[in-house]
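What follows is the residue order along each chain.
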Amino acid sequence: MSGIARNKIVKACSDGIIESFYEYLEWTSNEWLWHAPEYLITVNIAKKLWELEGSKFITLEDNIKNTLKDANAKLKGKYPKNMRATGRSDIIFWWAKGTPRGIIE
C-alpha cells in the first residue's frame, strides 16, 4: 500500500487486538479475550487498518486460491494439504495497484 509503512500495519493489528480485548472485557464483565469469537478480533483489526492514512484495500474472508492467483504466485505441483487452498483467509491487505500485500490469519 503506497505510503503505509510495515510498522504502521503491525501497530494497527496490535491496536485492533487490544481494542477487542477491552471491548470484550467490558461486554462480558471481565471475561478474557480468548473466550471471544475470532471474528471480533478480525473486524477490529480490519477497522484499525482502514483508519491508516494512505491508499489501501482490505478484504475479509477471501478465497486463498484466488488470492494466490491475484498475487501471480506460481507453485510447483499441487497445493500443500495444510494450505487449505479452497479455504478463506481472515484479512487480505492489498497494495494500491491491486495485488495482495499480506494475509492476516
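Rules used throughout
Residues numbered from 1 in each chain as written. Predicted model: local features only at pLDDT ≥ 70, side-chain atom pairs only at ≥ 80, totals over all residues. Heavy atoms only, no water. Helix = DSSP H or I, 4+ residues; strand = E, 2+ residues; numbered from the N terminus. Buried < 20%, exposed > 50% of the residue type's maximum accessible area, 1.4 Å probe, protein only. Areas by Shrake-Rupley, 256 points an atom, 1.4 Å probe, with all protein chains shown as cover. Lys, Arg positive; Asp, Glu negative; His and termini not counted. Charge placed at Lys NZ, Arg CZ, Asp CG, Glu CD. Pairing = 2+ DSSP bridges. Axes fitted to C-alpha atoms, helices over the stretch in contact; angles between N-to-C directions. Contact = heavy atoms within 4.5 Å. Expected span 1.5 Å × (residues − 1). Salt bridge = Lys/Arg side-chain N within 4 Å of Asp/Glu carboxyl O. Polar contact = N/O pair within 3.5 Å; in protein donor to acceptor, adjacent residues only side chain to side chain.

**Side note on the overall build of the chain**
Turning to step 1, where the next piece is worked out: Helix and strand counts for the chain stand at three helices and three strands.
Turning to step 2, where the next piece is worked out: Along the chain, helices and strands appear, N-terminal first, in the series α-α-β-α-β-β.
Turning to step 3, where the next piece is worked out: Taken along the three principal axes of its C-alpha coordinates, the chain extends 50 × 35 × 15 Å.
Turning to step 4, where the next piece is worked out: Buried positions account for 33% of the 105 residues belonging to the chain.
Turning to step 5, where the next piece is worked out: For the chain, the exposed area adds up to about 7,400 Å²; of that, 55% sits on carbon and sulfur atoms.
Turning to step 6, where the next piece is worked out: Of the charged side chains in the chain, 16 are positive and 13 negative; the average position of the first set lies 14 Å away from that of the second.

**A few points about the sheet that holds strand β1 (residues 57-63)**
Turning to step 1, where the next piece is worked out: Spatial strand order, β1-β2-β3: three strands in an open sheet with antiparallel pairing. Of all the strands in the sheet, just β1 and β3 (100-104) have a single pairing partner and so form its edges. Each neighbouring strand pair of the sheet contributes to a mean axis angle of 30°, computed without reference to strand direction.
Turning to step 2, where the next piece is worked out: In terms of strand pairing, β1 meets strand β2 (residues 88-94) through six bridges, oriented antiparallel. Following the sheet pairing, Thr-59 is matched in β2 by Ile-92.
Turning to step 3, where the next piece is worked out: Along the sheet, helix α2 (residues 38-51) makes contact with β1, β2 and β3, crossing β2 at roughly 5°.

**Describing α2**
Turning to step 1, where the next piece is worked out: Across its 14 residues, α2 extends 20 Å between first and last C-alpha, which sits within 8% of the 20 Å expected from 1.5 Å per residue.
Turning to step 2, where the next piece is worked out: Looking at the buried side of α2, the elements it contacts are α1 (6-27), β1, β2 and β3.

**Quick notes on the pattern of salt bridges**
A side chain of one charge can pair with a side chain of the opposite charge if their charged atoms are brought near each other.
Turning to step 1, where the next piece is worked out: All chains considered together, the criterion is met by three salt bridges.
Turning to step 2, where the next piece is worked out: The residue Asp-15 makes a salt bridge to Lys-11 at a minimum N-O spacing of 2.9 Å. In this pair, Asp-15 and Lys-11 are both assigned in helix α1, four residues apart and thus about one turn of the helix distant.
Turning to step 3, where the next piece is worked out: Ionic contacts of the salt-bridge type, sharing partners, join the residues Glu-19, Lys-48 and Glu-51 into one network.

**Digging into the side chain of Asn-63**
Turning to step 1, where the next piece is worked out: For Asn-63, the position within the fold is in strand β1.
Turning to step 2, where the next piece is worked out: A residue is classified by how much of its surface remains accessible, and Asn-63, at 17% relative accessible area, is buried.
Turning to step 3, where the next piece is worked out: A polar side-chain atom of Asn-63 sits 2.9 Å from the main-chain amide nitrogen of Lys-65.

**So, the environment of Asp-15**
Turning to step 1, where the next piece is worked out: According to the relative accessible area criterion, Asp-15 is partly exposed, its value standing at 27%.
Turning to step 2, where the next piece is worked out: When the C-alpha positions of Asp-15 and Ile-45 are compared, they lie 7.3 Å apart, and in sequence the two are 30 residues distant.

**A few points about the pairing of β2**
Turning to step 1, where the next piece is worked out: Summarising burial for β2: six of the seven residues are buried, a large majority.
Turning to step 2, where the next piece is worked out: With four bridges joining them, β2 and β3 adopt antiparallel strand pairing. Pairing of Trp-94 across the sheet is with Pro-100, part of β3.
Turning to step 3, where the next piece is worked out: Counting the residues between successive antiparallel strands, the hairpin from β2 to β3 contains five residues, one of them, Gly-98, with a positive phi of roughly 100°.

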